[in-house]
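Listed below, chain by chain, are the residues.
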Amino acid sequence: MEDTYNNRTSLAKGAKDMVKEAKRHTAKKVNKVVDRATDEYSSHRNYSRFQDEEDEDEDFYRNPPRQDGEGYHDNEEGSSDATEGHDDEDEIYEGEYQGIPSAGDRKHKEGQVALGQPVSDAARDRKGLEEERQADEEELAQQYELIIQECGHGRFQWQLFLVLGLALMSDGVEVFVVGFVLPSAETDMCVPNSSSGWLGSIVYLGMMVGAFFWGGMSDKVGRRQCLLICMSTNGFFAFLSSFVQGYGLFLLCRVVAGFGIGGAVPIVFSFFAEVLSREKRGEHLSWLCMFWMIGEIYASAMAWAIIPHYGWSFSMGSAYQFHSWRVFVVVCALPCVCAVVALTFMPESPRFYLEVGKHDEAWMILKQIHDTNMRARGQPEKVFTVNRIKIPKQLDELVEMESESANRVSKFFFRIKTEIHGIYLNLMKCFNYPMRENMTRLAIVWFTLSFGYYGLSVWFPDVIKHLQADDYASKVQIHRNERIEDFTFNFTLENQIHKNGLFINDRFINMKLKSVTFIDSTFRNCQFDDVTSVGSFFRNCTFIDAFFFNTDIDESKLLDGTEVVNSTFTHNKTGCQMTFDDDYSAYWVYFINFLGTLAVLPGNIVSALLMDKIGRLSMLGGSMVLSGISCFFLWFGTSESMMILCCAFTTA
């Protein structure tokens with residue numbers, strides 16, 4: 001009797017469990033029909049098809065088909081024992097978000113392979129894993145687009161827009177700093193003409209290397225983390241470059257700052273694009289580019305307001321001089337500091353978290369985006385309906401090292417080597433089908449645009465100065481065959497040429513020589529005391545019994561066979577004696593450049609408004625044609641006004 005009773009009880013439990021399973025599968029099929037109907041007749045977007053596919057896969061692995069009846073009977077008994085004592089209300093369904101798993105659960109599941117699970121990744125070839133990951137990424141791209149549309153476009157995107165815009169503005173400022181300080185820095189640091197070109201190109205060399213390195217690292221470390229490192233590197237070395245005195249150290253600081261700039265620029269656009277829906281992407285990325293122009297306007301305005309003012313500088317003897325252009329470099333580093341502070345309050349890109357398999361972190365950030373936008377719209381009660389997001393297959397690119405031979409140093413260098421190799425492999429994918437053709441075309445277009453735009457940005461302040469220098473040289477005063485005896489020069493001589501002059505017992509005391517050239521002249525028993533010369537030279541002259549005290553007249557200014565007979569030099573000044581009061585064109589150069597940068601802003605606004613209306617290719621092609629025509633007319637520019645007009649149309 002007791003055995004019969006036990007058999008009846010087991011049969012009853014089994015029947016009860018079978019009824020529960022049937023009800024659950026029936027409800028699932030009904031939900032599928034309802035979801036499909038909702039997709040067809042409602043504008044509301046959901047993600048059931050992604051959940052259903054994963055649910056079916058999990059059902060297959062949890063309840064694999066059996067070949068004999070005994071196995072099926074065993075499964076029934078296991079199911080009955082496992083579900084006994086549970087109500088329908090207490091069940092946790094597969095599509096329900098179950099929170100962040102604890103560390104204990106993860107450790108418990110490691111190394112366990114249940115019956116019916118797929119083969120481990122170690123037993124599969126890498127090509128098959130990459131194909132599986134590519135399929136997962138395509139599915140993720142479709143689902144992620146729907147999720148971003150559900151999150152909406154609102155307060156969160158505008159907050160990130162301002163923060164990333166500030167970062168882009170600071171990068172733009174640092175790029176254009178070079179063009180503004182180039183004429184002044186060359187003179188201040190005694191840079192010869194043969195080496196002056198390095199200052200204009202060294203920043204772009206650092207940007208090229210930085211874009212290659214940090215672009216790949218952002219896929220490994222994260223958009224926000226890499227952007228913080230890039231901005232900190234840029235800000236620190238840009239600030240440091242304002243204090244170094246040597247030309248070599250200044251170049252080193254600028255190239256490292258360029259290394260940070262090159263990484264920040266592409267990351268900013270990738271970061272912002274990953275929180276924008278497809279229909280908003282083109283327009284808002286164009287608006288983001290506007291901050292680059294704002295950075296150029298900021299740099300132009302600061303150069304105009306600071307560099308020509310000599311009073312904003314100090315010196316410690318003649319060896320250490322902190323001129324106003326160095327103050328300008330410090331002021332231009334301030335937006336970078338503000339961008340770093342603002343970026344610390346923003347979350348990481350959710351798309352990056354999904355790419356690296358961090359589902360829970362991505363889900364929480366997407367929920368934050370949704371809730372922030374809904375509260376701003378006055379709909380705080382609206383619920384974020386996403387439960388599960390597709391995660392691409394994760395490929396382990398790091399080989400575990402032997403425990404007995406592993407140490408921190410070797411692991412560090414091994415990881416760096418592996419990450420660089422991974423960046424190289426990702427770069428090579430751009431040159432494989434189907435991206436090879438588009439990559440080549442876009443690279444050519446970007447090269448030509450960068451060559452023209454940045455080339456003009458560096459060249460324009462210098463060419464304006466040369467035009468003004470030609471006009472200045474046309475007004476030179478020429479003195480021939482003059483004889484001056486027992487006269488004291490205690491005033492400034494400017495823009496003069498003295499030929500075949502004779503100076504006897506003359507005194508040059510506390511004076512300046514600005515763009516003055518002495519040719520075939522003789523100085524007898526003359527005294528030079530506290531004399532500063534800028535752009536002044538002595539060509540084929542003769543000094544007899546002359547005395548030089550606290551002057552900057554040295555061999556570099558005694559040219560073309562100049563002879564010094566029985567003369568004394570004491571306490572000569574060191575360094576380049578350049579003051580921006582002597583720079584006759586500085587104020588006008590920076591004011592003109594400021595007006596030229598203002599002309600760029602309308603072109604950026606027009607492109608943002610018309611981007612999605614006339615198409616990206618039409619907008620890009622039309623802009624390049626107009627810029628090419630305007631650049632062609634620069635060849636005929638003979639005046640400052642014509643050069644400004646052509647350059648404004650070219651850069652706009």
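Residues numbered from 1 in each chain as written. Predicted model: local features only at pLDDT ≥ 70, side-chain atom pairs only at ≥ 80, totals over all residues. Heavy atoms only, no water.

Named according to an unreviewed UniProt entry, the protein chain is Synaptic vesicle glycoprotein 2C originating from Larimichthys crocea. Per UniProt, the comment on the protein chain under Subcellular location (unreviewed entry) is "Cytoplasmic vesicle, Secretory vesicle, Synaptic vesicle membrane". Within the UniProt record for the protein chain, the comment given under Sequence similarities (unreviewed entry) is "Belongs to the major facilitator superfamily." (UniProt positions renumbered as here; feature names shortened; annotations may be inferred.)

On the secondary structure map, Ser521 appears in the loop between β8 (507-519) and β9 (522-524). If we skip the residues at most four places from it in the chain, Ser521 touches His498, Lys499, Asn500, Gly501, Phe503, Asn540, Cys541 and Thr542. (Helix = DSSP H or I, 4+ residues; strand = E, 2+ residues; numbered from the N terminus. Contact = heavy atoms within 4.5 Å.)

Membership of the largest hydrophobic core comes to 85 residues, with the highest contact counts inside it found for Leu164, Leu227, Trp292, Phe328 and Leu366. The leading source of residues in this core is helix α6 (residues 155-188), at 17 residues. In contact with Leu366, not counting residues within four places along its chain, are Tyr144, Ile147, Ile148, Cys151, Pro350, Phe384 and Ile389. Counting residues in each nonpolar core, the second largest holds 20 residues, with Phe489, Phe503, Leu513 and Val516 among its members. (Core = buried A, V, L, I, M, F, W, Y, C linked by side-chain atoms within 4.5 Å. Buried < 20%, exposed > 50% of the residue type's maximum accessible area, 1.4 Å probe, protein only.)

Here the structure, examined in full by the defined rule, presents 0 disulfides. Left unpaired, Cys230 is separated from the closest cysteine sulfur, that of Cys226, by 6.2 Å. (Disulfide = S-S within 2.5 Å.)

Now for the sheet that holds strand β4 (residues 483-485). Sheet architecture is open: 5 strands sit in the order β4-β7-β9-β12-β15, paired in parallel fashion. In this open sheet, the two strands that pair with only one neighbour each are β4 and β15 (563-565). Taken pair by pair, the neighbouring strands of this sheet meet at an average axis angle of 5 degrees, ignoring direction. Of the pairings in the sheet, the one linking strand β12 (residues 542-544) to β15 comprises 3 bridges and is parallel in character. (Pairing = 2+ DSSP bridges. Axes fitted to C-alpha atoms, helices over the stretch in contact; angles between N-to-C directions.)

With respect to the helices and strands, the residue Thr562 is situated in the loop between β14 (558-559) and β15. A distance of 2.7 Å separates a polar atom in the side chain of Thr562 from the backbone oxygen of Leu559. Residues within four places of Thr562 in sequence aside, it is in contact with Phe538, Arg539, Asn540, Cys541 and Phe543. (Polar contact = N/O pair within 3.5 Å; in protein donor to acceptor, adjacent residues only side chain to side chain.)

Okay, unusual backbone geometry next. For Asn481, which is not a glycine, the phi torsion comes out positive at approximately 50 degrees. In this structure, Asn481 sits in the loop between β3 (477-480) and β4.

A separate point is the packing of α6 against helix α14 (residues 359-376). Axis separation between α6 and α14 bottoms out at 7 Å; the angle between their running directions is 110 degrees. As far as their axial angle goes, α14 and α6 are roughly perpendicular. In this structure, α6 uses Arg155, Phe156 and Gln157 to contact α14, whose residues at the interface are Gln368, Ile369, Thr372, Asn373 and Ala376. (Parallel < 35°, antiparallel > 145°, perpendicular 65-115°, else oblique.)

Relative to the elements of secondary structure, Cys332 occurs in helix α11 (residues 324-332). Cys332 sits 155 residues away from Val177 along the chain, and the two C-alpha atoms are 7.5 Å apart. Apart from residues no more than four positions distant in its own chain, Cys332 is found in contact with Val173, Glu174, Val177 and Tyr298.

Before going further, it helps to examine helix α15 (residues 408-429). Compared with the 32 Å implied by 1.5 Å per residue over 22 residues, the 32 Å span of α15 between its first and last C-alpha is a close match. For α15, the complete set of buried residues consists of Thr418, Glu419, Gly422 and Ile423. Looking down the long axis of α15, one finds its buried residues gathered within 145 degrees of arc, a one-sided arrangement. For α15, the exposed residues set more than 90 degrees away from the buried face come down to Val409, Phe413 and Lys417. (Expected span 1.5 Å × (residues − 1). Arc of directions from axis to C-beta.)

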